[in-house]
Amino acid sequence: MAAEGTTPLIGVFDMFSASVAARHYDGLFVSGFGFAASHYGLPDIGFIAWPDMLAFVQRLRAAFPDGHLLVDIDDGYGDPEIACHTVRQLEAVGASGVILEDQQRPRRCGHVDGKRILPLEEYLDKIVRVLDARRDLVVVARTDATDGDEILRRAKALAATEADAVLVDGVRDVEWIRRIRAVADAKPLVFNQMAGGRSPRLSLRELAGLGVDVAVYSTPCLFAAQTAMDAALRELRRDDGRLREVGETGAGVAECLALLEGNLAGG
């Protein structure tokens, strides 16, 4: 966050997507949207259990011992005690940081309708307790407020805590990024980009000019996988089950094994 420019973190949803992403970027993001889709086959509305997320992060860190690893922990998976326990466990297995939101249950993806938020004081109590529970873990305070005045009120309140950064999810346009930057004072800002989501598509250079310190890309691997798999299977059906030559389709046995053997060898 202290580095010049905007640091990108790429959302991954399983070990294979992380293996591909780690070839291109130093920072990974464990997306709640992607993990719910991959691990449960369900939408991002609160099904994730903390032991499942912990086990995934532990496998990720073992395979990728270097680089940033930011974890979306939704609302901490329940009350403050569960949130604190989750944070301590994630730090113990090597997470670099977590994002804790202020949503009520049933929760929603930050870029869809129907979100409800906790009373501000209730969320502030939870985030303060989480901050007390961590040692060196980075904690990003996130608000899912959608009302304009409430966005600014919460961004300012979150920036006044000991959280390491602030994220307002579902930011609607560039002007709102500027407003949030102004009320957050010197606190680092995190911006979440999601294909088809509410926020504008911005380059890292543009985000840096707006004062954004970290850009989280929640679902590029997930959406690319869905698109590619659907296209490949449509083609397979169209061609009566005849596979294309490897050179025409990209990866084959050798390319896939090379990626996996790289993990076995420690990168």
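Right above here is the structure, for reference.
The text that follows walks through the structure, step by step, so that each part is easy to find.

Reading guide: rules and limits
- Residues numbered from 1 in each chain as written.
- Predicted model: local features only at pLDDT ≥ 70, side-chain atom pairs only at ≥ 80, totals over all residues.
- Heavy atoms only, no water.
- Helix = DSSP H or I, 4+ residues; strand = E, 2+ residues; numbered from the N terminus.
- Rg over C-alpha atoms; globule rule 2.2 N^0.38 Å.
- Buried < 20%, exposed > 50% of the residue type's maximum accessible area, 1.4 Å probe, protein only.
- Contact = heavy atoms within 4.5 Å.
- Areas by Shrake-Rupley, 256 points an atom, 1.4 Å probe, with all protein chains shown as cover.
- Lys, Arg positive; Asp, Glu negative; His and termini not counted.
- Charge placed at Lys NZ, Arg CZ, Asp CG, Glu CD.
- Core = buried A, V, L, I, M, F, W, Y, C linked by side-chain atoms within 4.5 Å.
- Phe/Tyr/Trp six-rings, centres within 6.5 Å; stacked < 30°, edge-to-face > 60°.
- Lys NZ or Arg CZ within 6 Å of the ring centre and 35° of its normal.
- Polar contact = N/O pair within 3.5 Å; in protein donor to acceptor, adjacent residues only side chain to side chain.
- Pairing = 2+ DSSP bridges.
- Right-handed = clockwise from strand over helix to strand, strands pointing away.
- Arc of directions from axis to C-beta.
- Axes fitted to C-alpha atoms, helices over the stretch in contact; angles between N-to-C directions.

**As for the overall build of the protein chain**
Along its length, the protein chain carries 11 helices and 8 strands. Taking 267 residues into account, the globule formula puts the C-alpha radius of gyration at 18 Å, and the protein chain, at 19 Å, falls close to it. Within the protein chain, the proportion of its 267 residues that are buried is 47%. Within the protein chain, contacts between residues at least 6 apart in sequence are counted, and of these 69% link residues at least 24 apart. By element, 53% of the accessible surface of the protein chain is carried by carbon and sulfur atoms, the whole surface being about 13400 Å². Side-chain charges of the protein chain comprise 30 positive and 40 negative groups, with the mean position of each set lying 3 Å from the other.

**What to know about helix α2 (residues 32-40)**
Residues of α2 that are buried: Gly32, Gly34, Phe35 and Ala36. Elements in contact with the buried residues of α2: β2 (27-30), α3 (50-63), β3 (68-72) and α9 (220-238). One or two residues past the end of α2 sits Gly41, with phi positive at roughly 70°.

**Quick notes on the nonpolar core**
With 64 residues, the main nonpolar core has Met53, Val57 and Val71 as its most contacted residues. The greatest single-element share of this core, amounting to 7 residues, is contributed by helix α5 (residues 120-133).

**Side note on unusual backbone geometry**
Within the chain, Asp74 stands out as a residue other than glycine whose phi angle is a positive 50°. Within the secondary structure layout, Asp74 lies in the loop between β3 and α4 (80-92). By relative accessible area, Asp74 is classed as buried at 1%. The phi angle at Asp240 is positive, at roughly 60°, despite the residue not being glycine. Position of Asp240 relative to the elements: it lies in the loop between α9 and α10 (246-249). Residue class for Asp240 comes out exposed when judged on its relative accessible area of 73%.

**Some details on the packing of aromatic side chains**
By the definition in use, this model includes 3 aromatic pairs. Measuring from centroid to centroid gives 6.1 Å for Phe35 and Tyr40, while their planes differ by 90°, and the two rings are edge-to-face. The class for Tyr40 is partly exposed, based on a relative accessible area of 25%. Each ring, one from Phe35 and one from Phe56, has its centre 5.3 Å from the other, and the planes form 20°; the classification is stacked. Here the residue Phe35 occupies a position in helix α2, and Phe56 occupies one in helix α3, the gap between them amounting to 21 residues. Of the two residues examined, Phe35 and Phe56, each falls in the buried class. Connected via pairs of aromatic rings, a cluster forms that spans Phe35, Tyr40 and Phe56. Sitting above the plane of the Trp176 ring, Arg179 keeps its charged end 4.6 Å from the centroid.

**Here we look at the side chain of Asp144**
Looking at the secondary structure, you find Asp144 in the loop between β5 (138-143) and α6 (148-159). Owing to a relative accessible area of 1%, Asp144 belongs among the buried residues under this scheme. At 3.3 Å, the side chain of Asp144 forms a polar contact with the side chain of Gln103.

**Thoughts on the pairing of β5**
Of all the 6 residues making up β5, 5 are buried; the element is thus mostly covered by neighbouring parts of the structure. Taken together, the 4 bridges between strand β4 (residues 97-100) and β5 define a ladder with parallel strand orientation. Paired with Gly97 across the bridge in β5 is Val138. A crossover connection joins β5 to the parallel strand β6 (residues 165-168) through α6; in handedness this β-α-β unit is right-handed.

**Some words on helix α7 (residues 174-183)**
Among the residues making up α7, those that are buried are Trp176, Ile177, Ile180 and Arg181. Looking straight down α7, one finds that the buried residues subtend no more than 140° of arc, so they occupy a single side. Looking at the residues trailing α7, positive phi occurs at Asp185, about 60°.

**A closer look at the sheet that holds β6**
Spatial ordering of the closed barrel is given by β1-β2-β3-β4-β5-β6-β7-β8, a layout of 8 strands whose pairing is parallel. In this sheet, adjacent strand axes meet at a mean angle of 25° when their direction is disregarded. Sheet analysis places β2 next to β3, joined by 4 bridges and oriented parallel. Within β3, the position partnered with Gly27 by the bridge is His68.

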